[in-house]
Amino acid sequence: MGAEIIYGKDLAADLRLEMKEEVKELAKKGIVPGLTVVLIGDDPASQSYVKGKQKASDEVGVHSNLIKLPDTTSQQELLNLIDDLNTDDNIHGILVQLPLPDHIEEQAVIEAISPEKDVDGFHPVNIGRMLTGEDTFYPCTPFGILTMLKSKNIEIAGKHAVVVGRSNIVGKPVGQLLLNEHATVTYCHSRTENMKKFTREADILVVAVGKQHFIKAEDIKPGAVVIDVGVNRMENGKLTGDVDFEGAAEKASFITPVPRGVGPMTITMLLHNTIKSAKKHQPAS
């Protein structure tokens, strides 16, 4: 069959051009969308992610402010900083880069961020709004996936979507967003018996488990839409996904590659949420 490849990198570039124009219009009203990223410690992966977020922010005109803290920072010190950021009218989005040092409770930090500035979409209030179908900040990777599907006019309503993985960051929320679009959703995870039975029934298959080539061509229904969220480093140093791309691409109708697939959309949707927040906070004319 030969699947059409959905390049998130290309879609992200197009969306950022649109965002750049939006930011210019906001600037005419004296509003500059502001994103503050808090980075604790020296984790190389986190530093790389933060660098990417700053570069993307500069590209569209979002003011990005990085606060770097040592890994000896106490939980209370971090919570005090978040309090200050919550009340700063020039900051429309707050992102605390995960993972955090072991002595800091992740959930306490997530809940400390004002839901109105939670551009990551992780606050329980925003998760609740997503569950009930209200307008809110959606978690960035799931939101990116939904945007990719819609960019190709892929039918979601009435389709069987199978999500492999149940993380709070990707698996659970992407299933909910697909449900909100009227898909029938099945979650598979480490305790699922006979997982192949479910993946072979999927019209839309989203895989987010962090295991190299976990899903093979034989696990996929002919003509399925396959979204690969996994990023794994092979022995040769190259990146690959949770899906065996070569085999799956012969069987699927649409498929995302790794790299240049879902990844670039995550930062783009973070910028979308930050601009959305800035629009909400603009003074009434």
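Residues numbered from 1 in each chain as written. Predicted model: local features only at pLDDT ≥ 70, side-chain atom pairs only at ≥ 80, totals over all residues. Heavy atoms only, no water.

Engineer: What am I meant to see in the overall build of the chain here?
Structural biologist: Broken down by element type, the chain carries ten helices and eleven strands. Against the compact-globule benchmark of 19 Å for 285 residues, the chain has a radius of gyration of 19 Å, which places it among compact chains. Projected onto its principal axes, the C-alpha positions of the chain cover 50 × 45 × 40 Å. The buried share of the chain, taken over its 285 residues, is 49%. Here the chain has roughly 13,800 Å² of accessible surface; of this, 50% comes from carbon and sulfur atoms. The averaged location of the 39 negative side-chain charges in the chain is 5 Å from the averaged location of its 31 positive side-chain charges. (Helix = DSSP H or I, 4+ residues; strand = E, 2+ residues; numbered from the N terminus. Rg over C-alpha atoms; globule rule 2.2 N^0.38 Å. Buried < 20%, exposed > 50% of the residue type's maximum accessible area, 1.4 Å probe, protein only. Areas by Shrake-Rupley, 256 points an atom, 1.4 Å probe, with all protein chains shown as cover. Lys, Arg positive; Asp, Glu negative; His and termini not counted. Charge placed at Lys NZ, Arg CZ, Asp CG, Glu CD.)

Engineer: I'm lost on the packing of helix H6 (residues 140–151) against helix H10 (residues 263–280) in this one. Help?
Structural biologist: A pair of packed helices is captured by two measures, namely the crossing angle of their axes and the spacing between those axes. One can describe the packing of H6 onto H10 by two numbers: an axis separation of 8 Å at closest approach and a directional angle of 100°. Here H10 runs roughly perpendicular to H6, going by the angle between their axes. Across the interface between the two elements, Cys140, Thr141, Phe143, Gly144, Thr147 and Met148 from H6 touch Met265, Thr266, Met269, Leu270, His272 and Asn273 from H10. (Axes fitted to C-alpha atoms, helices over the stretch in contact; angles between N-to-C directions. Parallel < 35°, antiparallel > 145°, perpendicular 65-115°, else oblique. Contact = heavy atoms within 4.5 Å.)

Engineer: Mind showing me how you'd approach empty space enclosed by the protein here?
Structural biologist: Where empty space is left can be seen by rolling a probe of water-molecule size over the atoms. Going through the model one piece at a time under the given rule, you end up with one cavity of 30 Å³ or more. The space that makes up the largest cavity amounts to roughly 60 Å³. Elements with a contribution of two residues or more to the lining of the largest cavity: strand S4 (93–96) and helix H4 (106–112). Here the element with the most residues in the lining of the largest cavity is S4; it accounts for three residues. When grouped by side-chain class, the residues that make up the lining of the largest cavity number eight nonpolar, no polar and two charged. (1 Å grid on protein atoms, 1.4 Å probe; cavity = no way out; pocket = protein on both sides within 12 Å on 5 of 7 lines; lining within 4 Å. Points joined across faces, edges and corners; volume = space filled by probe spheres on them. Nonpolar A, V, L, I, M, F, W, Y, C, P; charged D, E, K, R; others polar.)

Engineer: In this structure, what is going on with the packing of aromatic side chains? I would like to understand it.
Structural biologist: For any pair of aromatic rings, geometry is given as the distance between the ring centres together with the angle between the planes. A complete count under the given rule lists one aromatic pair for this structure. Across from the ring centre of Phe198, 4.8 Å away, lies the NZ or CZ of Lys197, which sits over that ring. The ring of Phe137 carries the charged tip of Lys280 above its face, separated from the ring centre by 5.0 Å. (Phe/Tyr/Trp six-rings, centres within 6.5 Å; stacked < 30°, edge-to-face > 60°. Lys NZ or Arg CZ within 6 Å of the ring centre and 35° of its normal.)

Engineer: So what exactly am I meant to see when it comes to the layout of surface pockets here?
Structural biologist: Roughly 1,600 Å³ of volume is contained in the largest pocket. Along its surface, the largest pocket is lined by 48 residues, and Tyr49, Val231, Gly263, Thr266 and Ile267 are the ones closest to its centre. For the lining of the largest pocket, the secondary-structure elements that each account for two or more residues are helix H1 (8–28), helix H2 (44–60), S4, H6, strand S9 (232–233) and H10. Broken down by element, the lining of the largest pocket gets its largest block of residues, ten residues, from H2. Each residue belonging to the lining of the largest pocket can be placed in one class, and the counts come to 25 nonpolar, eleven polar and twelve charged. The space that makes up the second largest pocket amounts to roughly 300 Å³. Surrounding the second largest pocket, 15 residues form its lining, Phe122, Ile127, Asn168, Ile169 and Lys172 being those nearest its centre. Counting only elements with at least two residues in the lining of the second largest pocket, the list comes to H4, helix H5 (124–131) and helix H7 (171–180).

Engineer: How should I be thinking about the environment of Glu218 in this particular structure?
Structural biologist: In this fold, Glu218 is placed in the loop between strand S7 (204–207) and strand S8 (225–228). For Glu218 and His160, which are 58 residues apart along the polypeptide, the C-alpha to C-alpha distance reads 18 Å.

Engineer: Even after reading the chapter, I still don't get a positive patch on the surface, so can you show me in this structure?
Structural biologist: The grouping of Lys9, Lys51, Lys55 and Arg260 at the surface amounts to a positive patch. Locating Lys9 in the fold gives a position in helix H1. (Patch = residues over 30% accessible without salt bridge, like charges linked within 9 Å, V, L, I, M, F, W, Y side chains within 5 Å. Salt bridge = Lys/Arg side-chain N within 4 Å of Asp/Glu carboxyl O.)

Engineer: Sorry, what's going on with the pairing of strand S5 (residues 160–164) here?
Structural biologist: Two faces make up the sheet, and in a regular strand the side chains alternate between them. Taking burial as the measure, the five residues of S5 include five buried ones, the bulk of the element. Side chains His160, Val162 and Val164 project from S5 onto one buried face, and the interleaved Ala161 and Val163 project onto a second face that is buried too. By the bridge criterion, five bridges tie S5 to strand S6 (residues 184–188) in an arrangement that is parallel. Residue Val163 lies in a different strand from S6, and its bridge partner there is Tyr187. In this structure, S5 lies alongside S7, joined through four bridges in parallel fashion. By the bridge assignment, Val164 is partnered in S7 with Val207. (Pairing = 2+ DSSP bridges.)

Engineer: When you look at the pattern of salt bridges in this model, what are you seeing that I'm missing?
Structural biologist: It is possible for side chains of opposite charge to pair when their charged atoms get near one another. Within this structure, the stated rule accounts for twelve salt bridges. Lys28 serves as the salt-bridge partner of Glu25, at 3.0 Å between the closest nitrogen and oxygen. Here Glu25 pairs with Lys28, and both are found in helix H1, just three residues apart, close to one helical turn. Between Glu201 and Lys197 there is a salt bridge, and its shortest N-O distance comes to 3.6 Å. Note on Glu201: relative accessible area 36%, which makes it partly exposed. The exposure class assigned to Lys197 is partly exposed, which follows from its relative accessible area of 41%. Linked through salt bridges whose partners overlap, the residues forming this network are Lys196, Glu218 and Asp219.

Geometry only, nothing functional implied.
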